[in-house]
Amino acid sequence: MEINLEQQKLISSPLRIKIIYLLAKSAMTAKQVAEELGRSAGSIHYHIQQLYKGGILEIEETKENRGIIEKYYRSKATQFNLKEEKRQEKGESSSTMGISISLTEEELKGFQDDLYDLMVKYMEKSVKGAINRNPYEISCSFKLLNSEEEE
């Protein structure tokens, strides 16, 4: 999904990324998401509302339960590309993709190994044959976030 800078700011929280991925699997209410993540319903409701207002989530269905309207939210996407208007005006092409995930040190090492193997695979493809290819610079960074950044 192509997003703007404001939407990028909305999804820059690890907690919000968890919500987005959880709601990609199945539509849920804010209360169900809170129970799944072990968080307060009020906190999760706030984050879901921000993501909904920002166009990242949609309401898949509503149900009435004992006089209360329950809203079931669904993620519109799990991959996001930041529109870079300035580059596009000049005819240049670029995209930025970011994601925040929670990993153990062992999982991070495995992820880095897998990512390296994937980059080598595509590097090998890029040198084969006489196909006209566009040059792209691809980089990846890893940053340890403080636990309070997760809220």
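Summary of the structure given here. Just so it is clear, the model here is predicted, and its values are computed rather than measured.

Rules used in this analysis
- Think of each chain on its own: its residues are numbered from 1, step by step along the sequence as written.
- Residues qualify for local features only when their pLDDT is at least 70, as the model is predicted, and side-chain atom pairs are given and counted only at 80 or more; totals for whole chains, interfaces and linings, by contrast, use all residues.
- With hydrogens and water stripped out, all remaining heavy atoms of the structure feed into the side-chain values.
- Helix and strand assignments come from DSSP, with helices taken as H or I runs of at least 4 residues and strands as E runs of at least 2, each series counted from the N terminus.
- Think of it in three bands: residues with accessible area under 20% of the maximum for their type are buried, residues over 50% are exposed, and the middle band is partly exposed, with areas taken using a 1.4 Å probe on protein chains only.
- The contact definition used throughout considers only heavy atoms, calling two residues in contact when any of these lie within 4.5 Å.
- Note on areas: Shrake-Rupley with a 1.4 Å probe; residue coverage comes only from the protein chains shown.
- Only the six-membered ring of Trp is used, alongside the rings of Phe and Tyr, when aromatic pairs are assigned; centres must lie within 6.5 Å, and planes under 30 degrees apart are stacked while those over 60 apart are edge-to-face, with the rest tilted.
- Look at NZ for Lys and CZ for Arg. If either is within 6 Å of the ring centre and within 35 degrees of the ring normal, a charge sits over the ring.
- Only one rule defines a salt bridge in this text: a Lys or Arg side-chain nitrogen within 4 Å of an Asp or Glu carboxyl oxygen.
- We call two strands paired when DSSP finds no fewer than two bridges between them.
- Each patch is built from residues lacking any salt bridge and having more than 30% relative accessible area; the joining distance is 9 Å for like charges and 5 Å for nonpolar side chains (Val, Leu, Ile, Met, Phe, Trp, Tyr).
- Only four residue types enter the charge count, namely Lys and Arg as positive and Asp and Glu as negative; His and the chain termini do not.
- A single reference atom marks each charge: NZ on Lys, CZ on Arg, CG on Asp, CD on Glu.
- By nonpolar core is meant a set of buried Ala, Val, Leu, Ile, Met, Phe, Trp, Tyr and Cys residues that side-chain atoms within 4.5 Å join together.

On to the overall build of the chain. From N to C terminus, the chain includes 6 helices and 4 strands. Listed N to C, the secondary structure of the chain is β-α-α-α-α-β-β-β-α-α in terms of helices and strands. Counting all 151 residues of the chain, 25% fall into the buried class. Of all intrachain contacts in the chain linking residues separated by at least 6 positions in sequence, the fraction that spans at least 24 positions is 58%. Accessible surface for the chain amounts to roughly 11200 Å². Of this, 49% is attributable to carbon and sulfur atoms.

The next subject is the side chain of Gln 7. With respect to the helices, strands and loops of the structure, Gln 7 is situated in helix H1 (residues 5-10). For Gln 7, the contacting residues outside a window of four places in its chain are Met 1, Glu 2, Gly 54, Gly 55 and Ile 56.

Moving on: the packing of aromatic side chains. Taken as a whole and assessed by the stated rule, the structure comprises 1 aromatic pair. A centroid spacing of 5.8 Å and a plane angle of 75 degrees characterise the contact between Tyr 52 and Tyr 73, whose relative ring orientation is edge-to-face. On the criterion of sequence distance, the pair formed by Tyr 52 in helix H4 (residues 41-53) and Tyr 73 in strand E3 (residues 68-75) is long-range, its members being 21 residues apart. On the basis of relative accessible area, Tyr 52 is assigned to the partly exposed category, the value being 34%. You can call Tyr 73 buried: its relative accessible area is 4%. The cationic tip of Lys 63 hangs over the ring face of Tyr 72; the distance from NZ or CZ to the ring centre is 4.9 Å.

In this structure the tally under the stated criterion is 3 salt bridges. The salt bridge partner of Glu 60 is Arg 74, with a shortest N-O separation of 2.9 Å. In this pair, Glu 60 sits in strand E2 (residues 57-65) while Arg 74 sits in strand E3, placing the two residues 14 residues apart along the sequence. Here Asp 113 and Lys 109 are joined by a salt bridge, their closest N and O atoms 2.9 Å apart. Here Lys 109 and Asp 113 lie together in helix H6 (residues 105-126), a separation of 4 residues that amounts to about one turn. Given the relative accessible area of 35%, Asp 113 is considered partly exposed.

This paragraph deals with the pairing of E2. When E2 meets E3, the two strands line up antiparallel, connected through 8 bridges. Note on E3: the bridge partner recorded for Glu 58 is Arg 74. The turn linking E2 back onto E3 is made up of 2 residues, and Arg 66 within it adopts a positive phi angle of 55 degrees.

On the surface, a cluster of positive charge is made up of Lys 121, Lys 125, Lys 128 and Arg 133. Mapped onto the elements of the fold, Lys 125 is located in helix H6. Residue classification places Lys 125 among the partly exposed positions, given a relative accessible area of 38%.

Our focus in this paragraph is unusual backbone geometry. Although it is not a glycine, Arg 66 sits at a positive phi angle of roughly 55 degrees. Tracing the chain through its elements places Arg 66 in the loop between E2 and E3.

Glancing now at the nonpolar core. Judged by nonpolar contacts, the single largest core of 21 residues is most densely connected at Ile 11, Ile 19, Leu 23, Val 33, Ile 48 and Leu 51. Top element by residues in this core is helix H2 (residues 14-25). It accounts for 6 residues. Discounting chain neighbours no more than four positions away, the residues touching Ile 19 are Val 33, Leu 37, Ile 44, His 47, Ile 48, Leu 51 and Ser 75.

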